[in-house]
Amino acid sequence: KARSFMDLAKIVSQRYDAPIELVPFPKDLEGKYQTFTEANLDKLRAAGYEEPFCSLEEGVGKYLDVLDERGGYR
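Residues numbered from 1 in each chain as written. Predicted model: local features only at pLDDT ≥ 70, side-chain atom pairs only at ≥ 80, totals over all residues. Heavy atoms only, no water.

## Here's the deal with the pattern of salt bridges
In a structure, side chains of opposite charge can pair up when their charged atoms sit close to one another. Formally: The working definition used for a salt bridge is a side-chain nitrogen of Lys or Arg within 4 Å of a carboxyl oxygen of Asp or Glu. Runs of H or I in DSSP of at least four residues are treated as helices and runs of E of at least two as strands, each being numbered from the N terminus. When a residue's accessible area, from a 1.4 Å probe over protein chains only, is under 20% of the maximum for its type it is buried; when over 50% it is exposed; and in between it is partly exposed.
In this structure the tally under the stated criterion is six salt bridges. When the shortest N-O distance is used, the salt bridge between Glu57 and Arg3 registers 2.6 Å. A residue pair is termed long-range when its members are at least 10 positions apart, and Glu57 in helix 3 (residues 56–70) and Arg3 in the segment before helix 1 (5–16) qualify at 54 residues. Given the relative accessible area of 39%, Glu57 is considered partly exposed. Assessed through its relative accessible area of 32%, Arg3 is described here as partly exposed. Glu58 is the partner of Lys62 in a salt bridge, and the nearest nitrogen-oxygen pair spans 3.3 Å. Here Lys62 and its partner Glu58 are both found in helix 3, four residues apart, which amounts to about one turn of the helix. Given a relative accessible area of 49%, Lys62 falls into the partly exposed group. Among the ionic contacts, a cluster of salt bridges with common partners joins Arg3, Asp7 and Glu57.

Here is the structure:
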């Protein structure tokens, strides 16, 4: 399911009660940055993988849990 970077930012923002600061996209990167990504799961499903995937909220939450347990990203 396609989700935005803003969706990701909102999850992290809510978790840590932190504001989201919008920064203008640098003009020198326009046309050089992939603005949309969404995995094509056809080959994975064709190979027999039938399990459901977790939501962005659940996956990011689990990742942040690990970071919190380890004291950050290092």
